[in-house]
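Chain by chain, the residues:
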Amino acid sequence: MKPDSMEILIVNCVNFVFMFQQIYFLGLFIQCFQPIMGQEKLIGVYELRGIHEMAAAFNFTEDGKFEFYYSYGAVDRSATGSYELKGDTVKLMSNKLAGNDFKIETQKKQETGFQLKFKHDNPYLLQHIKCICFQGTEAKEYFTDDSGILIIPELAIDKIYVQHQLFPDIVTLIKDTSNSNNYFELSLLPSLGQVSFKGIDLILKEDALHMQPNYFMMFLDIRFVKSE
């Protein structure tokens, strides 16, 4: 017995729905695995090349995580976190909280000027800490003395940011416009040894990662080459 037109229509509808489901789930499968497929190009160790007396490397894993180490003179630093590969751009999301390398232990008002006093068990780390002071939009840079003290004669400072010169990263805000104190005692936090990578991307070209000069590595032609 030949199927009537209604049966043919029902069969065609069922076949269409089944085909649509296959295409839909295939699309979801490709979409879900697309980031992993892109990240496979990064899996492994990429080592710094071409900068004298500096050693650094990234280790990218297949689960989207990275590890980083850096050694330059007496300074050793590290970072851990996750990454995303978008086109040829590698976005790094470090576990370090950026802009949080110093802790205010004491703050108060004193009669004149501004004073910042830094504390750490290692006195060598107290030397030449950069303090960026804003009066409106005008910025001035000052540096601590060998004992970690900075005295600023200006009477009107709106904002103060600090940054360590041996462990540079995103600056830490110490005073904003709502803070009327002009005396601060600060301690150096262990996070100085880590890198936040905030605002720093890597560009993937063949088997090398390229980085622009930045607050952390102020060099031209920064290249990390994939190890064999």
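Notes on the structure follow.

What counts and how
Residues numbered from 1 in each chain as written. Predicted model: local features only at pLDDT ≥ 70, side-chain atom pairs only at ≥ 80, totals over all residues. Heavy atoms only, no water. Helix = DSSP H or I, 4+ residues; strand = E, 2+ residues; numbered from the N terminus. Buried < 20%, exposed > 50% of the residue type's maximum accessible area, 1.4 Å probe, protein only. Areas by Shrake-Rupley, 256 points an atom, 1.4 Å probe, with all protein chains shown as cover. Salt bridge = Lys/Arg side-chain N within 4 Å of Asp/Glu carboxyl O. Pairing = 2+ DSSP bridges. Axes fitted to C-alpha atoms, helices over the stretch in contact; angles between N-to-C directions. Contact = heavy atoms within 4.5 Å. Polar contact = N/O pair within 3.5 Å; in protein donor to acceptor, adjacent residues only side chain to side chain.

### A short note on the overall build of the protein chain
So, step 1. Looking only at helices and strands, the protein chain features one helix and 16 strands.
So, step 2. Within the protein chain, buried positions represent 36% of all 228 residues.
So, step 3. Summing over all exposed atoms, the protein chain offers an accessible surface of approximately 14,000 Å²; the carbon and sulfur share of this is 57%.

### Description of the pattern of salt bridges
So, step 1. Taken as a whole and judged by the stated rule, the model has ten salt bridges.
So, step 2. The salt bridge involving Glu154 is made with Lys140; its shortest N-O contact spans 3.2 Å. Here Lys140 lies in strand β9 (residues 138–143) and Glu154 lies in the loop between β10 (149–152) and β11 (159–163), a separation of 14 residues in the sequence.
So, step 3. A residue is classified by how much of its surface remains accessible, and Glu154, at 17% relative accessible area, is buried.
So, step 4. Several salt bridges share partner residues, and in doing so they unite Arg77, Lys96, Asp101 and Asp169 into one network.

### Side note on the sheet that holds strand β13 (residues 183–188)
So, step 1. Sheet architecture is open: four strands sit in the order β6-β13-β7-β10, paired in mixed fashion. Each end of this open sheet is capped by a strand with a single partner; those strands are β6 (102–108) and β10. Strand-to-strand twist in this sheet, taken as the mean axis angle between neighbours without regard to direction, amounts to 15°.
So, step 2. Where strand β7 (residues 114–119) meets β13, five bridges bridge the pair, whose relative direction is parallel. Bridging from a neighbouring strand, Lys117 pairs with Glu185 of β13.

### Description of the pairing of β11
Remark: a regular strand shows side chains that alternate across the two faces of the sheet.
So, step 1. Judged from the five bridges that link them, strand β8 (residues 130–135) and β11 form a sheet pairing that is antiparallel. Note on β11: the bridge partner recorded for Lys130 is Gln163.

### Some thoughts on the environment of Lys117
So, step 1. Along the chain, Lys117 turns up in strand β7.
So, step 2. Overall, Lys117 belongs to the partly exposed group, its relative accessible area being 30%.
So, step 3. C-alpha of Lys117 to C-alpha of Tyr183: the two residues are 66 residues apart in sequence and 8.2 Å apart in space.
So, step 4. Beyond its immediate sequence surroundings of up to four residues, Lys117 is in contact with Gly148, Ile149, Tyr183, Phe184, Glu185 and Leu186.

### Quick word on the sheet that holds strand β2 (residues 54–60)
So, step 1. Strand order in the closed barrel formed by eight strands is β1-β2-β3-β4-β5-β14-β15-β16, with antiparallel pairing between adjacent strands. Here the average twist between neighbouring strands, direction ignored, is 30°.
So, step 2. Bridging between strand β14 (residues 201–205) and strand β15 (residues 208–211) involves four bridges; their strand directions are antiparallel. Residue pairing in the sheet places Leu204 in a bridge with Leu209 of β15.

### Side note on the side chain of His164
So, step 1. Mapped onto the elements of the fold, His164 is located in the loop between β11 and β12 (172–175).
So, step 2. The exposure class assigned to His164 is buried, which follows from its relative accessible area of 1%.
So, step 3. Of note is the side chain of His164, whose polar atom sits 2.7 Å from the backbone oxygen of Leu125.
So, step 4. Reaching out from His164, the side chain makes a polar contact with the backbone nitrogen of Leu166 at a distance of 3.1 Å.

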